[in-house]
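Reading the structure
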Amino acid sequence: MSDPVRTVFLVDDDASFLRGIRRLLRSSGYATECFSSAGDFLARRPRGAMGCVLADLQMPDMDGLALQEALAQSANPLPVVFLTGQGDIPSSVAAMRRGAEDFLVKTSPKAVVIAAIERALARDARERDQRARRHDQQSRFETLTPRERQVLSQVMQGRLNKQIAADLGIDERSVKRHRTHLMSKLEVKSVAELAQLAVELGFGTSDSVE
């Protein structure tokens, strides 16, 4: 099976620069797509696209920082590398604080640009794996019955089976059965793994179902 295509999405209102950076990246083996505005990119980018965004900072209608913010709030927050001809310290600080992979000027050496792109592509792959893992965990969590969630909440409080049974008004054998079922569904083998998963999913002790 071939590796999925990772694309560098180029967003810049300077048509001549777009052509030049596209030639440079294609000659280095990258798949690229060009967009003349941030709005055009957001409207036409492929759903679930893998890769990163190489964007200018100063663009009409929607600038690079607004594009970065829109991406961060989307279901597919591709990493952003800024490559601008009009950079300034406040903008670069704002971009980096919001999670930009790098903030470069258009006169940066090719090697520096390529290195930033490589980091952004690696970050996209890493974060994509993390999102897929979390989605899988959430899907497994959603298979729990209301009673299993109640038992889980009690377990997270460190309560013993007999205490859980008394609180929920069921027998201890039922508590053990529910614990076995919920751990099987969540694919964990110990209370420590269960606690870690619950924390990752944001399941607190107040999440019990009445």
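Preceding block: the structure.
Before going into details, it helps to say that this report is about the structure given with it. The shown structure was predicted, so the numbers you read here are calculated from the model rather than taken from an experiment. (Residues numbered from 1 in each chain as written. Predicted model: local features only at pLDDT ≥ 70, side-chain atom pairs only at ≥ 80, totals over all residues. Heavy atoms only, no water.)

**Concerning the pairing of strand 5 (residues 102-105)**
The pairing of strand 4 (residues 80-84) with strand 5 spans 4 bridges and is parallel. Across the sheet, the residue bridging to T84 is V105, located in strand 5. The parallel pair strand 4 and strand 5, bridged by helix 4 (residues 89-97), forms a crossover whose chirality is right-handed. (Pairing = 2+ DSSP bridges. Helix = DSSP H or I, 4+ residues; strand = E, 2+ residues; numbered from the N terminus. Right-handed = clockwise from strand over helix to strand, strands pointing away.)

**A word on helix 5 (residues 110-141)**
Turn by turn, an α-helix covers 3.6 residues, leaving residues three or four places apart pointing in a common direction. The terminal C-alpha atoms of helix 5, which comprises 32 residues, lie 46 Å apart, in line with the 46 Å expected from a rise of 1.5 Å per residue. The complete set of buried residues in helix 5 reads V113, I114, A116, I117, A120, L121, R123, D124, R128, Q137, R140 and F141. (Expected span 1.5 Å × (residues − 1). Buried < 20%, exposed > 50% of the residue type's maximum accessible area, 1.4 Å probe, protein only.)

**Some points on the packing of helix 6 (residues 146-156) against helix 7 (residues 161-168)**
Interaxial distance between helix 6 and helix 7 falls to 10 Å at its minimum, and their mutual angle equals 130°. As far as their axial angle goes, helix 7 and helix 6 are oblique. As for how helix 6 packs across helix 7, the hand of that crossing is right-handed. For the pair formed by helix 6 and helix 7, the contact residues are R147, Q150, V151, Q154 and V155 on the first element and I164, D167 and L168 on the second. Across the contact of helix 6 with helix 7, the residue classes break down as 4 nonpolar, 2 polar and 2 charged. (Axes fitted to C-alpha atoms, helices over the stretch in contact; angles between N-to-C directions. Parallel < 35°, antiparallel > 145°, perpendicular 65-115°, else oblique. Left-handed = near helix turned anticlockwise from the far one by under 90°. Contact = heavy atoms within 4.5 Å. Nonpolar A, V, L, I, M, F, W, Y, C, P; charged D, E, K, R; others polar.)

**What to know about unusual backbone geometry**
Glycine aside, residues mostly have negative phi angles, and peptide bonds mostly take the trans form. A positive phi angle is found at D61, which is not glycine, with a value near 65°. Here D61 shows up in the loop between strand 3 (51-55) and helix 3 (64-72). The backbone of E187 shows a phi angle near 60°, a positive value even though the residue is not glycine. Structurally, E187 can be placed in the loop between helix 8 (172-186) and helix 9 (191-200). When its relative accessible area of 58% is taken as the criterion, E187 is described as exposed.

**What about the packing of aromatic side chains?**
Given two aromatic rings, their pairing is described by the distance between the two centres and the angle made by the two planes. According to the stated counting rule, one finds 4 aromatic pairs in the structure shown. Seen from their ring centres, F9 and F35 are 6.3 Å apart, and the 40° between their planes marks the pair as tilted. Highlighted residues: F9 in strand 1 (residues 7-11) and F35 in strand 2 (residues 31-35), separated in sequence by 26 residues. Its relative accessible area of 2% is what places F35 among the buried residues. (Phe/Tyr/Trp six-rings, centres within 6.5 Å; stacked < 30°, edge-to-face > 60°.)

**Topic: helix 4**
Taken as a whole, helix 4 has its buried residues at S91, S92 and A95. In an axial view of helix 4, the angular spread of the buried residues amounts to 95°, which keeps them on one side of the axis. Among the exposed residues of helix 4, those oriented more than 90 degrees off its buried face are I89, P90 and R97. Elements that come into contact with the buried residues of helix 4 comprise helix 3, strand 4 and strand 5. Within two residues after helix 4, G99 carries a phi angle of roughly 105°, on the positive side. (Arc of directions from axis to C-beta.)

**So, the pairing of strand 2**
Pairing of strand 1 with strand 2, which is carried by 5 bridges, proceeds in the parallel orientation. In the sheet register, F9 faces strand 2, and the bridge partner there is E33.

**Focus on the packing of helix 7 against helix 8**
Taken N-terminus to C-terminus, the directions of helix 7 and helix 8 make an angle of 105°; their axes are 8 Å apart at the nearest point. Here helix 7 is positioned roughly perpendicular relative to helix 8, judged by the angle of their axes. Contacts between helix 7 and helix 8 involve N161, K162, I164 and A165 from the first element and E172, V175, K176 and R179 from the second. Among the residues forming the contact of helix 7 with helix 8, the class breakdown is 3 nonpolar, 1 polar and 4 charged.

**Some thoughts on the sheet that holds strand 3**
Read from one edge of the open sheet, 5 strands run 2-1-3-4-5, paired in parallel fashion. With one partner strand each, in any of the chains shown, strand 2 and strand 5 form the two edges of the open sheet. The sheet shows a mean angle of 20° between the axes of neighbouring strands, taken without regard to direction. Pairing geometry for strand 1 and strand 3, over 5 bridges, is parallel. Looking at the pairing, F9 lines up with V53 of strand 3.

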